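Now for the letters of each chain:
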Amino acid sequence: MLLEEFDVEKYERTLKMEGYEVGHIEGLTEGHSTGDAERLVKSVEELMKKLQLKLPQACELIGVTEEEYWKAKERIGKYE
């Protein structure tokens, strides 16, 4: 391919679109992860409140560890 045939603008557009797609996918992944963390925390805390449970009991009922709860709590703390 000769330099004259190389379409710089088309190449730049392609790079921008690829960057947009990667950023879009990363954003969706981040959003889903944050949403999952919010649901986990809300579920555990609602069980604790409505059934008068301690954290270990509520986590056990939902099927998560306390460590998972605290990691999720920390994650959503960044966005609240």
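Residues numbered from 1 in each chain as written. Predicted model: local features only at pLDDT ≥ 70, side-chain atom pairs only at ≥ 80, totals over all residues. Heavy atoms only, no water.

Draft legend 1. Fine view of helix α2 (residues 55-62). Those residues of α2 that fall on the buried side of the exposure criterion are L55, A58 and C59. In a view along the axis of α2, the buried residues occupy a sector of 100 degrees, so they form one face of it. Residues E60 and L61 are exposed on α2 and point more than 90 degrees away from its buried face. Buried residues along α2 sit against α1 (8-51) and α3 (66-77). Among the residues trailing α2, G63 stands out with phi positive, at a value near 90 degrees. (Buried < 20%, exposed > 50% of the residue type's maximum accessible area, 1.4 Å probe, protein only. Helix = DSSP H or I, 4+ residues; strand = E, 2+ residues; numbered from the N terminus. Arc of directions from axis to C-beta. Contact = heavy atoms within 4.5 Å.)

Draft legend 2. Fine view of the packing of α1 against α2. Viewed as axis vectors pointing N to C, α1 and α2 meet at an angle of 120 degrees, and their least axial separation amounts to 9 Å. One finds that α1 runs oblique with respect to α2. You can see that α1 and α2 cross each other, and the crossing is right-handed. The segment α1 lies against α2, with S43, V44, L47 and M48 engaging L55, A58, C59, L61 and I62. The residue makeup of the contact of α1 with α2, split by class, is 8 nonpolar, 1 polar and no charged. (Axes fitted to C-alpha atoms, helices over the stretch in contact; angles between N-to-C directions. Parallel < 35°, antiparallel > 145°, perpendicular 65-115°, else oblique. Left-handed = near helix turned anticlockwise from the far one by under 90°. Nonpolar A, V, L, I, M, F, W, Y, C, P; charged D, E, K, R; others polar.)

Draft legend 3. Spatial organisation of the pattern of salt bridges. Within the structure shown, the criterion is met by 4 salt bridges. Put simply, R39 and D36 hold a salt bridge, and the shortest N to O gap is 2.5 Å. On the criterion of helical spacing, the pair formed by R39 and D36 is a turn pair, its members being 3 residues apart in helix α1. As a salt-bridge pair, E67 and K71 come within 3.1 Å of each other at their nearest N and O atoms. Note that E67 and K71 are positioned in helix α3 at a spacing of 4 residues, about one turn of the helix. K71 gets classed as exposed once you look at its relative accessible area, which sits at 54%. (Salt bridge = Lys/Arg side-chain N within 4 Å of Asp/Glu carboxyl O.)

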